[in-house]
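Spelled out, the chains give:
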Amino acid sequence: MQPLNIEFNEQHKAKYLQLAQALRSAIIKGDIAVGTKLSSAREMAKIYQLNRHTIMNALQLLVAEGWIESHERSGYKVIQTLPIQSSADIKQVPTVTPKPYKFAKELAVPTPAMNLNNFKYNFAGGLPDLNCFPYREFKRSVSYVFNHLDTSQFHYGNVAGELNLKSQIGSYLHKARNLKTTDLLICNGSQEALFLISKVFINNGDYVATETLGYPPARKAFSACGAQLIDIKQDEYGLCVEDLKAQLMSNKIKLLYLTPLHQYPTTVTLSPTRRMQIYQLCYQYDVLIIEDDYDHEFHYRCQPLQPMAADDPAGIVIYLSTFSKIMFSAARIGYICASAQVIEQLSAWKQLMNHKNDVVMQLAVANFMQEGAFERHLKRMTKLYKERYEQMSASLIKLQSNGLPIEFKKPDGGMAMWVNLNKPVHGLKNALQKKGVYIQAEPEFYYKEAARSLIPKQQSYIRLGFAGQSTQSIQAGLELIAKHVY
Ligand SMILES: Cc1ncc(COP(=O)(O)O)c(C=O)c1O
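Residues numbered from 1 in each chain as written. Predicted model: local features only at pLDDT ≥ 70, side-chain atom pairs only at ≥ 80, totals over all residues.

Enquirer: Help me understand the overall build of the protein chain in this model?
Expert: When you go through the protein chain residue by residue, the secondary structure sums to 14 helices and 17 strands. C-alpha atoms of the protein chain, sized along the principal axes, occupy 90 × 55 × 50 Å. The 486 residues of the protein chain split such that 39% are buried. In the protein chain, once contacts between residues fewer than 6 apart in sequence are set aside, the share between residues at least 24 apart is 73%. (Helix = DSSP H or I, 4+ residues; strand = E, 2+ residues; numbered from the N terminus. Buried ≥ 20, exposed ≤ 12 C-beta atoms within 10 Å, placed from the backbone. Contact = placed C-beta atoms within 7 Å.)

Right, dumping it as structure tokens:
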């Protein structure tokens, strides 16, 4: 056998592995033909300047993997039955052309995440202030998990979530949102909740209704699972009940997705009257309501309206919420409340997807809640965000009083405001990014395949988050936006 040209230059890899790799690829390429007898270990040690022990380790590895076999007295030979042509027999090595993949459904590829910390003024819509999270207190809860280890919790099982966390969330929902839960499923954020609900309820071609301006990741999950989306008109008070009725009469709608407390992205709170009308219509037309209550706690004008799910005698509301706003989104803790039957089906899909959520994180959050740290943090954040909410409103009013044609309605709560600049906002997001300002603009909230008639020609709104930055930054950032736009 001809010696191979091996460089052994991978510093962090053992020499025997580098030798095995070189021999393996020479066999695959046909440079060492099948059936070839390898040089003896003693010869190889001399050729490659390695000790015999290293050579033997490499050879034994290749035997174990099935590339070579050891013959008593005659040494090592490349396995004869490997379906490889010797490179000497091949006049020209054929090029292998990769064939196109046949994806069941080709989705848009995620764009690389933008580092929002790089923006001097960050008006991202639902961003909590991550500098204010009590990491030290949370670290104690993580330590608690390992100091009180119950290894039975570290197995598979408990698909729907750790009992401690479910029980803490259940009590919290009862106390803070007047929601009596019969059953809960913990999932990897609301996004997984939306995907699981889609898997459980949507057949190809089923109709799912959403508002004209909506939360794109929800729509994408519905549509990826086969739904046809129907846009329902909305006005300054939220979803238009008359239009919903008209759509229900002409299409067999299966699900209606709503963010009733703070409509995403317009922040409008849906009145009790509309909620009741919508509920009655959905019951009449056999539609399930998906209620996404993503930032419930942050309501400043009064106590937040209780969720629609809190008054759901017919069991038609599937309620979901998240810890992404009240803690941080990387925790990936979300949950679904629904009837036991629905939770069972959701859990079955959850098990197929990923068995369960991260147990350490679930137990740490449960302890964080049990110790009262969670509610203390919430109280501090609600106070802080209210100050920022007032600051944003005051700054916008100041710009108005300077004669700028800005219009906005102060929302009852949430983490963002929906502001009419009365100027076209196409291209504004990109232009402001170049100046270190992050905003969201109206065009990104329409579903691309929506009925054209529902998308206004003149789009002039932007969504400005106020929770994630200081009052000084809010003021300075708004002045910069105004200077750029007018
Ligand atoms: C309407 C809405 N729902 C849900 C979420 C939270 O998603 P997740 O729990 O997957 O982080 C967000 C976050 O931006 C949101 O705006």
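Enquirer: Would you explain the site of the ligand in this entry?
Expert: Around the ligand there are 13 residues in total, and Gly189, Ser190, Gln191, Thr322 and Ser324 lie nearest to it. Per-element accounting of the shell around the ligand gives the leading share, 3 residues, to helix 6 (residues 189-201). The residue inventory of the shell around the ligand, partitioned by class, reads 3 nonpolar, 9 polar and 1 charged. (Near = placed C-beta within 6 Å. Nonpolar A, V, L, I, M, F, W, Y, C, P; charged D, E, K, R; others polar.)

Enquirer: I'm lost on the sheet that holds strand 14 (residues 416-420) in this one. Help?
Expert: Whenever strands of a sheet pair, they do so through backbone hydrogen bonds, lying parallel or antiparallel. The antiparallel open sheet is built from 4 strands, whose spatial order is 13-14-17-16. The sheet is open, and its two borders are formed by strand 13 (407-408) and strand 16 (440-441), each paired with just one other strand. In this structure, strand 13 lies alongside strand 14, joined through 2 bridges in antiparallel fashion. Residue pairing in the sheet places Phe408 in a bridge with Val419 of strand 14. (Pairing = 2+ DSSP bridges.)

Enquirer: Explanation requested: the nonpolar core in the structure shown.
Expert: Soluble, globular proteins show a tendency: their nonpolar side chains are buried together. Leu256, Ile336 and Val365 are the most contacted members of the largest nonpolar core, which totals 69 residues. Tallying contributions element by element places helix 11 (residues 359-370) first for this core, with 7 residues. Leaving out residues up to four positions away in the same chain, Ile336 has contacts with Leu185, Cys187, Ala193, Ile318, Tyr319, Leu320 and Leu346. Core analysis: the next-biggest nonpolar cluster, separate from the first, contains 32 residues, Phe123, Phe298, Ile462 and Leu464 among them. (Core = buried A, V, L, I, M, F, W, Y, C linked by C-beta atoms within 7 Å.)

Enquirer: I keep staring at the pairing of strand 4 (residues 184-187) and nothing clicks. Help me out?
Expert: A regular strand places its side chains so that they alternate between the two faces of the sheet. Residue alternation in strand 4 divides its side chains into two sets, Leu184 and Ile186 and Leu185 and Cys187, and both sets are buried. Note: strand 4 against strand 12 (residues 334-337), 4 bridges, orientation antiparallel. Its bridge partner being in strand 12, Leu184 is matched across the sheet by Cys337.

Enquirer: Is there a simple way to think about unusual backbone geometry in this case?
Expert: Backbone geometry follows two general trends: most residues other than glycine have a negative phi, and most peptide bonds adopt the trans configuration. Cis geometry is found at the peptide bond from Tyr264 to Pro265, where omega equals 10 degrees. Notably, Arg73 is not glycine yet its phi reads approximately 70 degrees, a positive angle. In this structure, Arg73 sits in the loop between strand 1 (68-71) and strand 2 (75-78). Assessed through the 4 C-beta atoms surrounding it within 10 Å, Arg73 is described here as exposed. Although it is not a glycine, His355 sits at a positive phi angle of roughly 65 degrees. Within the fold, His355 resides in the loop between helix 10 (340-354) and helix 11.

Enquirer: Is there a simple way to explain the environment of Glu192 in this structure?
Expert: Within the secondary structure, Glu192 is located in helix 6. The exposure class assigned to Glu192 is buried, which follows from the 23 C-beta atoms found within 10 Å. If sequence neighbours within four positions are ignored, Glu192 has contacts with Cys187 and Gly334.

Enquirer: Would you take a moment to explain the packing of helix 4 (residues 135-147) against helix 11 for this structure?
Expert: Interhelical geometry of helix 4 versus helix 11 gives an angle of 120 degrees and a closest axis separation of 8 Å. By the angle between their axes, helix 4 is oblique relative to helix 11. For the crossing formed where helix 4 meets helix 11, the hand is right-handed. For the pair helix 4 and helix 11, contact is made by Phe138, Ser141, Val142, Tyr144 and Val145 and by Val360, Leu363, Ala364, Asn367 and Phe368, respectively. When its residues are assigned to classes, the contact of helix 4 with helix 11 shows 8 nonpolar, 2 polar and no charged. (Axes fitted to C-alpha atoms, helices over the stretch in contact; angles between N-to-C directions. Parallel < 35°, antiparallel > 145°, perpendicular 65-115°, else oblique. Left-handed = near helix turned anticlockwise from the far one by under 90°.)

Enquirer: Before we go on, may I ask you to explain the sheet that holds strand 9 (residues 253-258) in this structure?
Expert: Strand order in the open sheet formed by 7 strands is 4-12-11-10-9-5-6, with mixed pairing between adjacent strands. Pairing within the sheet leaves two strands with one partner each, and these edge strands are strand 4 and strand 6 (228-232). Across this sheet, the average inter-strand angle for adjacent strands is 20 degrees, counted without regard to direction. Looking at chain direction, strand 5 (residues 207-211) and strand 9 are connected through 3 bridges and run parallel. Of the residues in strand 9, the one forming a bridge with Tyr207 is Ile253. Where helix 10 meets the sheet, it contacts strand 4, strand 11 (317-322) and strand 12, and its direction lies at approximately 25 degrees from that of strand 4.

Enquirer: I would appreciate a short explanation of helix 10 in the present structure.
Expert: Side chains that are three or four residues apart share a direction in an α-helix, a result of its 3.6 residues per turn. The end-to-end C-alpha separation of helix 10 is 20 Å, in line with the 21 Å expected for 15 residues at 1.5 Å each. Along helix 10, the residues that are buried comprise Val342, Ile343, Leu346, Ser347 and Lys350. In an axial view of helix 10, the angular spread of the buried residues amounts to 130 degrees, which keeps them on one side of the axis. Seen from the buried face of helix 10, the exposed residues on the opposite side, beyond 90 degrees, are Gln341 and Leu352. Looking one or two residues beyond helix 10, the residue adopting positive phi is His355, at roughly 65 degrees. (Expected span 1.5 Å × (residues − 1). Arc of directions from axis to C-beta.)

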